Amino acid sequence: MSDRYLAFANSGLGHWLTGTLGMPQPVPIDRDPQRIARTALLADAGGGRLLPQLTEELRALDVALVDGGDMPGFDALLVDASGCRTVADTDALYRVLHGHIRAIAANGRILLLTTDPAEAPDAEAAAIWRGLEGLARSLGKEARRAIAVQLVHVPLSAPAALSSSLAFLLSGRSAYVSGQVIRIGAAPLSLPETPRQRVVLVTGASRGIGAAIASCFARQGAHVVGLDVPAAEPVLREQAARLGGSALALDLTAEDAPARIAEDAATHGGYDVVVHNAGITRDKTIARMDPGRWDAVMAVNLAAPMRITAALLAAGQIRHGGRIVAVSSLSGIAGNMGQTNYALSKAGVIGWVERLARDVAPLGITANAVAPGFIETQMTAAIPFLIREAGRRMNAMGQGGQPEDVAEAIAWLADPASGGINGEVVRVCGQSLLGA
Ligand SMILES: NC(=O)c1ccc[n+]([C@@H]2O[C@H](COP(=O)([O-])OP(=O)(O)OC[C@H]3O[C@@H](n4cnc5c(N)ncnc54)[C@H](O)[C@@H]3O)[C@@H](O)[C@H]2O)c1
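Residues numbered from 1 in each chain as written. Predicted model: local features only at pLDDT ≥ 70, side-chain atom pairs only at ≥ 80, totals over all residues. Heavy atoms only, no water.

Naming follows an unreviewed UniProt entry, where the protein chain appears as 3-oxoacyl-[acyl-carrier protein] reductase of Sphingomonas kyeonggiensis. Per UniProt, the comment on the protein chain under Sequence similarities (unreviewed entry) is "Belongs to the short-chain dehydrogenases/reductases (SDR) family." (UniProt positions renumbered as here; feature names shortened; annotations may be inferred.)

Written as structure tokens, this is what we have:
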């Protein structure tokens, strides 16, 4: 749905009025999927080891490296903070950020790169590497102008499989992902595969975020199997015809759903990607909640993804190099009044994916989750005006996300080159103030 405040705040009179009154001034987000940073400043804060790899990766993406002194208005600032290990070293970090943050163009990107504090050689390095999380999140709140900021953790000893992640994080596809810690490991060894059209199962595909996910994968050339409830079959069929995919109308909670899905997968020679997107809310405070609401949410949001994945894995119908991506929610991270059932199910999805990631890694498969914040869909359009406005504005971007934002994050995690990301949860929330 349209965001009238965003349009008003960006009109001549509206910009002046909101500025004068000290009201939020969100900048329109440029989510053009084809847009990638054209210019980047690559800075070293403390003698890090990542500059050679980053230089090569940026060259492969056709991103021109600039010298901050002569190029105000560059699109991305990448800071190698891997060598920043002592309190004294943070001075280099301060100088890079203080000197350049104003020169980053609107809709630009800041990426800080370091290593997980768990791998730190000593306590002081652990403190600094953990400290970068606070720094990145604060930068995300200060940068404004729709600039997204991430902290990227790479392994200490092996080169990280960065290509698909840099392509995503420096593009319009990551416009609503900000304030995240993204762990990217080394690429797992994979067997050579015969290239084929990827087959992607998307549950809850008939509308909202699921429809955007289906379109996103189809645009990338995949065959999308769109699954939704039997009542949505006409919509699914129309969608399948439009996207050149196929439709699977069934209730995910039915006894025979896992077997039917495994059968469908077999007709395609297995799925390459499984996106567990279908979800429902049945809100009431716990004291007022009837058992039906509780059970329905557990069945759709938590039991179904687990049963279906187990059946697909048992039947060998998720191919080598496969990707499982589940849709969690900010509610599962921050909790939400009236959503004890939903929050349990969505936090449960996170716990499941974190564990599943370990179990499927030997099969060359990854399992990750996205946790959307406030996304403009039919679901959020039904929220009363004042609560909706609060939900929309309470993030560093000052506006709601679009279903495409979630779809693009899922497509990135499902990329064949994203094998170094496993067991992660990435929030698509414009750096929401909730659960931060
Ligand atoms: N919209 C948001 O702001 C938001 C925020 C966080 C998380 N999410 C999550 O994103 C996902 C998609 O949300 P949405 O806003 O597009 O919701 P939506 O209600 O528009 O779409 C959900 C789809 O799932 C399908 N579905 C529900 N139960 C099913 C079942 N038993 N079998 C088969 N299909 C079933 C529905 O028919 C529907 O098409 C959900 O998991 C939701 O919890 C949404």
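### A look at the sheet that holds strand β10 (residues 271–276)
Strand order in the open sheet made by the seven strands is β9-β8-β7-β10-β11-β12-β13, with parallel pairing throughout. With partners counted over all chains shown, the strands left at the sheet margins are β9 (246–249) and β13 (425–428), one partner each. Neighbour-to-neighbour, the strand axes of this sheet turn through a mean angle of 20°, independent of strand direction. On the sheet, helix α8 (residues 233–243) packs against β8 (223–228) and β9 and is oriented at approximately 165° with respect to β9. Sitting on the sheet, helix α10 (residues 291–314) is in contact with β10 and β11 (318–327), with an inclination near 170° to β10. (Pairing = 2+ DSSP bridges. Helix = DSSP H or I, 4+ residues; strand = E, 2+ residues; numbered from the N terminus. Axes fitted to C-alpha atoms, helices over the stretch in contact; angles between N-to-C directions. Contact = heavy atoms within 4.5 Å.)

### Regarding the domain arrangement of the protein chain
A common way to report how large an interface is uses the accessible area buried once the components associate. Under the domain assignment, the protein chain is made up of domain 1 (31–183) and domain 2 (199–428). With 20 residues of domain 1 in contact, the opposing surface of domain 2 contributes 23 residues. Contact between domain 1 and domain 2 buries roughly 1800 Å² in total, counting both sides, with carbon and sulfur atoms accounting for 57%. Where domain 1 meets domain 2, there are two salt bridges. For Glu 424, the salt bridge goes to Arg 183, with nearest N and O atoms at 3.0 Å. Viewed at the interface, domain 2 and domain 1 are joined by nine residue pairs in polar contact (both at pLDDT 80 or more). Mapped by element, the contributors of at least two residues to the side of domain 1 that touches domain 2 are α5 (123–143), α6 (163–169) and β6 (180–183). The leading source of residues in the side of domain 1 that touches domain 2 is α6, at four residues. Grouping the constituent residues of the side of domain 1 that touches domain 2 by class yields ten nonpolar, six polar and four charged. (Domains from an automatic or database assignment. Buried area = accessible area lost by both parts, 1.4 Å probe. Salt bridge = Lys/Arg side-chain N within 4 Å of Asp/Glu carboxyl O. Polar contact = N/O pair within 3.5 Å; in protein donor to acceptor, adjacent residues only side chain to side chain. Nonpolar A, V, L, I, M, F, W, Y, C, P; charged D, E, K, R; others polar.)

### With respect to helix α12 (residues 340–360)
For α12, spanning 21 residues, the distance from its first C-alpha to its last is 30 Å, which sits close to the expected 30 Å at 1.5 Å a residue. For α12, every residue scored as buried is listed here: Asn 341, Tyr 342, Ala 343, Ser 345, Lys 346, Val 349, Ile 350, Trp 352, Val 353, Leu 356, Ala 357 and Val 360. Looking at the buried positions of α12, the neighbouring elements they touch are β10, α10, β11, α11 (331–334), β12 (366–372) and β13. (Expected span 1.5 Å × (residues − 1). Buried < 20%, exposed > 50% of the residue type's maximum accessible area, 1.4 Å probe, protein only.)

### Some details on the UniProt feature "domain: Ketoreductase" (unreviewed entry) in the protein chain
Using the residue numbers shown here, the UniProt feature "domain: Ketoreductase" (unreviewed entry) corresponds to residues 198–373. Taken end to end, residues 198–373 has its terminal C-alpha atoms 28 Å apart, with 47% of it in helix and 22% in strand.

### Section: the pairing of β6
With four bridges connecting them, strand β5 (residues 148–153) and β6 associate as parallel partners. The residue bridging Val 152 from the neighbouring strand is Ile 182, located in β6. In this fold, β5 hands off to α6, which returns the chain to β6; that crossover is left-handed. (Right-handed = clockwise from strand over helix to strand, strands pointing away.)

### Details of empty space enclosed by the protein
Evaluated as defined, the whole model comprises three cavities of 30 Å³ or more. The calculated volume of the largest cavity comes to roughly 60 Å³. Taken together, 13 residues form the lining of the largest cavity, with Thr 203, His 276, Ala 278, Val 300 and Pro 305 sitting closest to its centre. Of all the elements in the fold, those that place two or more residues in the lining of the largest cavity are α10, β11 and α12. Element by element, the count of residues in the lining of the largest cavity is highest for α10, at five residues. (1 Å grid on protein atoms, 1.4 Å probe; cavity = no way out; pocket = protein on both sides within 12 Å on 5 of 7 lines; lining within 4 Å. Points joined across faces, edges and corners; volume = space filled by probe spheres on them.)

### Let's talk about the site of the ligand
Around the ligand there are 27 residues in total, and Arg 207, Ile 209, Asp 228, Asn 277 and Tyr 342 lie nearest to it. Side-chain polar atom of Ser 206 to an oxygen atom of the ligand: 3.3 Å apart, as the coordinates give it. Taking Ile 375, its main chain carries an N or O atom lying 3.1 Å from an oxygen atom of the ligand. Calculation on the ligand without its partners gives an accessible area of 830 Å², and the protein chains cover 93% of this total. Only α7 (208–219), β8, α12 and α13 (378–381) provide two or more residues apiece to the shell around the ligand. Taken together, the residues of the shell around the ligand sort by class into 13 nonpolar, ten polar and four charged. (Near = heavy atom within 4 Å. Areas by Shrake-Rupley, 256 points an atom, 1.4 Å probe, with all protein chains shown as cover.)

### Quick look at the packing of aromatic side chains
The final tally for this structure, using the stated rule, is one aromatic pair. Between Phe 168 and Trp 412 the ring centres are 4.4 Å apart and the planes differ by 5°, which places this aromatic pair in the stacked class. In this pair, Phe 168 is assigned in helix α6 and Trp 412 in helix α15 (residues 403–413), connecting sequence segments 244 residues apart. For Phe 168, a relative accessible area of 0% puts it in the buried group. We classify Trp 412 as buried; its relative accessible area is 1%. (Phe/Tyr/Trp six-rings, centres within 6.5 Å; stacked < 30°, edge-to-face > 60°.)

### What about the sheet that holds strand β1 (residues 39–44)?
Taken in spatial order, the six strands line up as β2-β1-β3-β4-β5-β6 in an open sheet, and their pairing is parallel. The sheet terminates laterally at β2 (64–65) and β6, the two strands that pair on one side only.

### Concerning the side chain of Ser 206
Along the polypeptide, Ser 206 turns up in the loop between β7 (199–203) and α7. At 3.0 Å, the side chain of Ser 206 and the side chain of Asp 228 are in polar contact. Non-local contacts of Ser 206, meaning those with residues more than four positions away in its chain, are made with Ala 211, Asp 228, Ala 232, Val 235, Leu 236 and Gln 239.

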